[in-house]
Amino acid sequence: MSQPPRARLRSTVVWMWGLVAAVALGIGVMVVPTLSVADGDLSLTPPIETVLTPSDPADVAGQTAREVLATLQVKGRAPQTGYDRDEFGQRWADVDRNGCDTRNDILARDLTQATLAGPCKVVSGTLLDPFTGQTIPFVRGQDTSAEVQIDHVVALSDAWQKGAQQLTAEQRTSFANDPLNLLAVEGRANAEKGDGDAATWLPVNTTFRCAYVARQVAVKAVYGLWVTQAEHDAIARILEACPHEPVPAPVDAH
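Reading guide: rules and limits
- Residues numbered from 1 in each chain as written.
- Predicted model: local features only at pLDDT ≥ 70, side-chain atom pairs only at ≥ 80, totals over all residues.
- Heavy atoms only, no water.
- Helix = DSSP H or I, 4+ residues; strand = E, 2+ residues; numbered from the N terminus.
- Buried < 20%, exposed > 50% of the residue type's maximum accessible area, 1.4 Å probe, protein only.
- Contact = heavy atoms within 4.5 Å.
- Areas by Shrake-Rupley, 256 points an atom, 1.4 Å probe, with all protein chains shown as cover.
- Salt bridge = Lys/Arg side-chain N within 4 Å of Asp/Glu carboxyl O.
- pLDDT = per-residue confidence, 0-100.
- Expected span 1.5 Å × (residues − 1).
- Arc of directions from axis to C-beta.
- 1 Å grid on protein atoms, 1.4 Å probe; cavity = no way out; pocket = protein on both sides within 12 Å on 5 of 7 lines; lining within 4 Å.
- Points joined across faces, edges and corners; volume = space filled by probe spheres on them.
- Nonpolar A, V, L, I, M, F, W, Y, C, P; charged D, E, K, R; others polar.
- Pairing = 2+ DSSP bridges.
- Axes fitted to C-alpha atoms, helices over the stretch in contact; angles between N-to-C directions.
- Phe/Tyr/Trp six-rings, centres within 6.5 Å; stacked < 30°, edge-to-face > 60°.
- Lys NZ or Arg CZ within 6 Å of the ring centre and 35° of its normal.

Caption draft 1: Looking closely at the overall build of the protein chain. When helices and strands are tallied, the protein chain shows seven helices and nine strands. The buried share of the protein chain, reckoned over its 254 residues, is 42%. For the protein chain, the proportion of contacts with a sequence separation of at least 24, taken over those separated by at least 6, is 67%. Of the accessible surface of the protein chain, which amounts to about 13600 Å², a share of 54% is contributed by carbon and sulfur atoms.

Caption draft 2: Quick peek at the pattern of salt bridges. This model, assessed by the stated rule, comprises eleven salt bridges. Among the charged side chains, a salt-bridge network with shared partners connects Arg77, Asp158, Lys162, Asp197, Lys220 and Glu231.

Caption draft 3: How the structure looks around the confidence of the model for the protein chain. Looking at the protein chain as a whole, the pLDDT averages 84, with 76% of positions reaching at least 70. pLDDT under 50 marks residues 4–52. Its contacts with residues more than four places away, or in other chains, come to 82 contacts.

Caption draft 4: A look at helix α7 (residues 229–240). Over its twelve residues, α7 extends 16 Å from the first C-alpha to the last, a length consistent with the 16 Å expected when each residue adds 1.5 Å. Taken together, the buried positions of α7 are Glu231, Ala234, Ile235, Ile238 and Leu239. For α7, the buried positions fall inside an angular range of 130 degrees around the axis, keeping them on one side. Of the exposed residues in α7, the ones pointing more than 90 degrees away from its buried face are Arg237 and Glu240.

Caption draft 5: Representation of unusual backbone geometry in the model. Here the phi dihedral of Arg97 falls at roughly 55 degrees; this positive angle occurs in a residue that is not glycine. The topology assignment puts Arg97 in the loop between α1 (65–69) and α2 (102–110).

Caption draft 6: Representation of the layout of surface pockets. Approximately 190 Å³ is the volume found for the largest pocket. Taken together, 13 residues make up the lining of the largest pocket; nearest its centre are Ile150, Asp151, His152, Asn190 and Gly194. Of all the elements in the fold, those that place two or more residues in the lining of the largest pocket are β8 (148–152) and α3 (156–160). Broken down by element, the lining of the largest pocket gets its largest block of residues, four residues, from β8. Of the residues assigned to the lining of the largest pocket, the class counts are five nonpolar, five polar and three charged.

Caption draft 7: Up close: the sheet that holds strand β5 (residues 112–117). Strand order in the open sheet formed by three strands is β5-β6-β7, with antiparallel pairing between adjacent strands. The sheet is open, and its two borders are formed by β5 and β7 (135–139), each paired with just one other strand. Averaged over neighbouring strand pairs, the angle between their axes works out to 10 degrees when direction is ignored. Bridge analysis of β5 against strand β6 (residues 121–128) gives four bridges, and the strand direction is antiparallel. Bridge pairing links Thr115 to Ser124 in β6. Across the sheet, α2 lies against β5, β6 and β7, angled at about 45 degrees from β6, the strand it touches most.

Caption draft 8: Here's a closer look at the packing of aromatic side chains. As enumerated under the stated definition, the model contains ten aromatic pairs in all. Through a chain of ring-to-ring contacts, the aromatic side chains of Tyr83, Phe88, Trp160, Phe175 and Tyr223 assemble into a single cluster. Sitting over the face of the ring of Trp226, Lys75 holds its NZ or CZ atom 4.1 Å from the ring centroid.

Caption draft 9: Quick peek at empty space enclosed by the protein. Counting across every chain of the model gives one cavity of 30 Å³ or more. Estimated volume of the largest cavity: approximately 40 Å³. For the lining of the largest cavity, the residue count by class is three nonpolar, two polar and four charged.

And the structure:
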């Protein structure tokens, strides 16, 4: 007796290929195209893209720096390839749209006895420098303005090598102008710091070190940046002396 004819097999097989993941502590883009095979007909479906965004600052509020440090990913530096200051948007942009640029916002926040020309431009004041502990008079002028500079607590180049490459342009602009990541400081100390992290540079004012690394930890947590092992260990050593040091609460410059 002859065998029954074979039933025609129709199936659809989905192959996942070209998996590209750029994920660093909750930030990245995952693109997954799918290839469909149905009755011998090949078709490429549109990629599925998921953009993972930085944490809400409220997620770290009320925690100690040690607690937040424990949540940061530890890994090596990415290459500095492609880094440029312009990758972080317009310098001192008015991101909060209060009519004042970020530099003047931070000067107005951090200087005492600040004198303004108009609603925004800070022309003089006094800085109690957190990096050195010195009191520094600020007078705006070609030869004097640089005596007080605005420091990125987590330097832009450091951020680029530890996750900021995966941020969007808008997120990097926000990072570069976020009051949480900015301090008015003595110009020479800022130049000495350069783009160093806690493993390579700390303020000479030892009474400020706990608050300084706590701020770095908060910034990295909010923006999903990682730390190197050496950086993690340097921060942990500082926090041993102040285990209850809180992360700073995110606030507007004004």
